[in-house]
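# Residue-level structural notes
Single-letter residue listing:
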Amino acid sequence: MTTPLDMPTVRLAKRLAEDLPCSRREAELYIEGGWVTVDGELVEEAGARVADKQEVVLLPNATLDEMPPVTILLHKPAGINGGVGSEGKPALSCLRPEEIFTPDNVAPSSVTRFLKRHLIGLTVTNPLDTMASGLLVFTQDFRVARKLVDEAKTVEQEFIVEVTGQMLDNGLALLNHGLPFNGKPLPPMKVSWQNETRLRFALKNVQPGQIAHMCRMVGLEVVGIKRLRIGRISMGAMPVGQWRYLQGYERF
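Our subject in this report is the structure included herewith. Small disclaimer: the values here were computed from a predicted structure and weren't measured.

Now for helix H1 (residues 12-19). Residues spaced three or four apart along an α-helix point in a common direction, a consequence of the helix completing one turn every 3.6 residues. Every buried residue belonging to H1 is among Leu-12, Ala-13, Arg-15, Leu-16 and Ala-17, and all of these are buried. In this structure, the buried side of H1 is in contact with strand E1 (9-11), helix H2 (24-32), strand E2 (36-38), strand E4 (49-51) and strand E5 (56-58).

By the element assignment, Arg-15 lies in helix H1. A distance of 3.1 Å separates a polar side-chain atom of Arg-15 from the backbone oxygen of Ala-51. In contact with Arg-15, other than residues within four places in its own chain, are Val-10, Val-50, Ala-51, Asp-52, Gln-54 and Val-56.

What follows concerns the nonpolar core. With 36 residues, the main nonpolar core has Phe-159, Val-161, Leu-175, Leu-199, Phe-201 and Cys-215 as its most contacted residues. Contributions of two or more residues to this core are made by strand E6 (71-76), strand E8 (133-139), strand E9 (156-165), strand E13 (198-204), helix H5 (210-217), strand E14 (220-230) and strand E16 (243-245). When sequence neighbours within four positions are dropped, the list of residues in contact with Phe-159 reads Leu-128, Leu-199, Arg-200, Phe-201, Leu-203, Val-206, Ile-211, Ile-225, Lys-226 and Arg-227. Counting residues in each nonpolar core, the second largest holds 14 residues, with Ala-13, Tyr-30, Ala-48 and Val-56 among its members.

Turning to its location among the elements, Met-131 is positioned in the loop between strand E7 (123-124) and E8. Dropping the residues within four chain positions of it, Met-131 is found in contact with Ala-78, Gly-79, Val-222, Val-223, Gly-224 and Ile-225.

Time to look at the environment of Asp-52. Summarising the element assignment, Asp-52 is placed in the loop between E4 and E5. The class for Asp-52 is exposed, based on a relative accessible area of 64%. Between the C-alpha atom of Asp-52 and that of Val-10, which follows or precedes it by 42 residues, the distance is 8.0 Å. The residues contacting Asp-52, other than those within four sequence positions of it, are Pro-8 and Arg-15.

Inspection of the entire model under this criterion finds 2 aromatic pairs. With centroids separated by 6.1 Å and ring planes inclined at 65 degrees, the aromatic side chains of Phe-114 and Trp-243 adopt a geometry described as edge-to-face. Of this pair, Phe-114 sits in the loop between E6 and E7 while Trp-243 sits in strand E16, and the two are 129 residues apart along the sequence. Here Phe-114 falls in the partly exposed class, since its relative accessible area comes to 22%.

Procedures and definitions
- Residues numbered from 1 in each chain as written.
- Predicted model: local features only at pLDDT ≥ 70, side-chain atom pairs only at ≥ 80, totals over all residues.
- Heavy atoms only, no water.
- Buried < 20%, exposed > 50% of the residue type's maximum accessible area, 1.4 Å probe, protein only.
- Helix = DSSP H or I, 4+ residues; strand = E, 2+ residues; numbered from the N terminus.
- Contact = heavy atoms within 4.5 Å.
- Polar contact = N/O pair within 3.5 Å; in protein donor to acceptor, adjacent residues only side chain to side chain.
- Core = buried A, V, L, I, M, F, W, Y, C linked by side-chain atoms within 4.5 Å.
- Phe/Tyr/Trp six-rings, centres within 6.5 Å; stacked < 30°, edge-to-face > 60°.

Written out as structure tokens, the structure reads:
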């Protein structure tokens, strides 16, 4: 938003409070909730300055209700940092409004409006190695964080792993149960061949580097890893590099 330099300005919250009228605090809540435009442009900062001749509009259906926390699902590209180490550009940089994906089965009226505040205070719940791609979850919601972080041992994740090499004769059985990681035995999991070069892993509480380590122990080298699902939430048809909001009816 640009303001004419030769005109006196006031804080947007003050202007809105006078125009409606409402209290200054109510004006701030409308602005921070993404319900106010200045000359047709959405402005989310209550301290923004506006000139007298600029048009300030409160959008239809504006509410003073507290904005609910959001959870974001990203199809992370390989090479982007997913919360492990420092290599690669952070995955947060992928969360641009022009990259939002809307599934075919979601009604436009139910799509969450993008606000800058949705990118503040996000937690990566299940880190993903930089070399890996697939589903990455960010959340502002403590309930989602508790489910995916504190209760990680109860939430199954699904991966497709591209491999090369010759597996040991009993390698598949060892992958399912019998291998250690970081000096501790791993619990049973479900590992099967999807085709001649791809393995499907379904496991809980997976740790960074764990899958590649397991594959090496049975004679395989990992070419690529893609996470397809966390709990009941799958990546679906979301293209690589795009993201969407978790819908209110969806549960991990």
